[in-house]
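Breakdown of the fold
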Amino acid sequence: CRAGALDAIAALESALAAYDVVVRSPYAAIAAATTRSAAALRHVLIDSSMVTARDSDDESHPSTLLHVAARTNAPDCLSAVIDAAAPSALDSIVELPDRHGRRAIHIAASLGAEQCVRLLLRIGAKYDKPDREGLLPSHHAAQRGSVGTLRALLERGDPLTLPSTTAASQRRTPFLVACVCEQL
């Protein structure tokens, strides 16, 4: 009976080890960020290489964990990703665009996620880099009518007077975007 119990424990340990490999995968990290579970995300992020996990194997859809945490307006998840990142890689990770040319700060600003924007600015996200449509994070925040997010950008040096950068976006300033979107 004892030998059978030891075999069962060994099988259970083996199954748990296999489960741990599945749980601690880039896809599990993406799932944890998507569900806004910072505790699960901290458990899954066992090394800094997972911070660059993408939500798809297709390079034309390269959303990182920062994008996903920003998209779900989850500052705790965003903090977990930032804490897990290697300091030397953080500068490049924060500037990675998704398939729409948006960086995590564009996504957070478009949702009015002030806390996420503040975290991203703190780690070096650039407020003066446009997305593929020529819009800056301040344009996205103005479109949303997020005064708190605009204040966070202003406090970090964004003059809030920079025009969008493409003809398609009509070279509008954030103020004009807010007016057009009836946010004032």
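What counts, and where the lines are drawn
- Residues numbered from 1 in each chain as written.
- Predicted model: local features only at pLDDT ≥ 70, side-chain atom pairs only at ≥ 80, totals over all residues.
- Heavy atoms only, no water.
- Helix = DSSP H or I, 4+ residues; strand = E, 2+ residues; numbered from the N terminus.
- Buried < 20%, exposed > 50% of the residue type's maximum accessible area, 1.4 Å probe, protein only.
- Contact = heavy atoms within 4.5 Å.
- pLDDT = per-residue confidence, 0-100.
- Axes fitted to C-alpha atoms, helices over the stretch in contact; angles between N-to-C directions.
- Parallel < 35°, antiparallel > 145°, perpendicular 65-115°, else oblique.
- Left-handed = near helix turned anticlockwise from the far one by under 90°.
- Nonpolar A, V, L, I, M, F, W, Y, C, P; charged D, E, K, R; others polar.
- Salt bridge = Lys/Arg side-chain N within 4 Å of Asp/Glu carboxyl O.
- Core = buried A, V, L, I, M, F, W, Y, C linked by side-chain atoms within 4.5 Å.

In this section: the overall build of the chain. Looking only at helices and strands, the chain has 11 helices and 0 strands in total. Per-residue burial over the chain gives 42% buried out of 184 residues. Partitioning the contacts of the chain with sequence separation of at least 6, the portion at a separation of at least 24 is 63%.

As a further point, take the environment of Ala-85. In this structure, Ala-85 sits in the loop between α5 (75-84) and α6 (87-94). Separated by 40 residues in the primary sequence, Ala-85 and Leu-45 place their C-alpha atoms 9.2 Å from one another.

Across the chain, the average pLDDT comes to 79, with 70% of residues at 70 or higher. Across residues 19-23 the pLDDT falls below 50, and counting only partners more than four positions away or on other chains, this stretch makes 5 contacts in the model.

Contact pair α5 / helix α8 (residues 114-122): the axes reach a minimum separation of 9 Å and the direction vectors enclose 15°. In terms of orientation, α5 lies roughly parallel with respect to α8. Handedness of the α5/α8 crossing: right-handed. Residues Pro-75, Leu-78, Ser-79 and Ile-82 of α5 touch α8, and the partners they reach there are Gln-115, Cys-116, Leu-119, Leu-120 and Arg-122. For the contact of α5 with α8, the class distribution of residues is 6 nonpolar, 2 polar and 1 charged.

This next bit is on the pattern of salt bridges. For the coordinates displayed, the defined rule picks out 5 salt bridges. With its nearest N and O atoms 3.3 Å apart, the salt bridge here joins Arg-102 to Asp-98. Taking relative accessible area as the criterion, Arg-102 reaches 27% and is therefore assigned partly exposed. Arg-118 is paired through a salt bridge with Glu-155; the nearest N and O atoms lie 2.7 Å apart. Of this pair, Arg-118 sits in helix α8 while Glu-155 sits in helix α10 (residues 147-155), and the two are 37 residues apart along the sequence. Taking relative accessible area as the criterion, Arg-118 reaches 32% and is therefore assigned partly exposed.

Grouped together as the largest cluster of nonpolar side chains are 42 residues, with contacts concentrated most on Leu-41, Leu-66, Leu-78, Val-117 and Leu-120. When residues in this core are grouped by element, the largest group, 6 residues, is from α5. Each residue touching Val-117, except ones within four places of it in the same chain, is listed here: Ile-105, Ala-108, Ala-109, Thr-149, Ala-152 and Leu-153.

Trans is the common state for peptide bonds, and a negative phi is the common state for residues other than glycine. Not every positive phi belongs to a glycine, and Asn-73 is a case in point at roughly 50°. Along the chain, Asn-73 falls in the loop between α4 (65-71) and α5. At Leu-160, a residue that is not glycine, the phi angle is positive and equals roughly 60°.

Here α5 lies mainly inside the structure; 8 of its 10 residues are buried. Pro-75, Cys-77, Leu-78, Ser-79, Ala-80, Val-81, Ile-82 and Ala-84 are the residues of α5 that are buried.

Remark: α8 packs on α10, axes separated minimally by 8 Å, with the N-to-C direction vectors making an angle of 15°. In terms of their interaxial angle, α8 and α10 are classed as roughly parallel. As α8 packs across α10, the resulting crossing turns out to be right-handed. Of α10, the residues touching α8 (which contributes Glu-114, Val-117, Arg-118 and Leu-121) are Gly-148, Thr-149, Arg-151, Ala-152, Leu-153 and Glu-155. Considering only residue class, the contact of α8 with α10 consists of 4 nonpolar, 2 polar and 4 charged.

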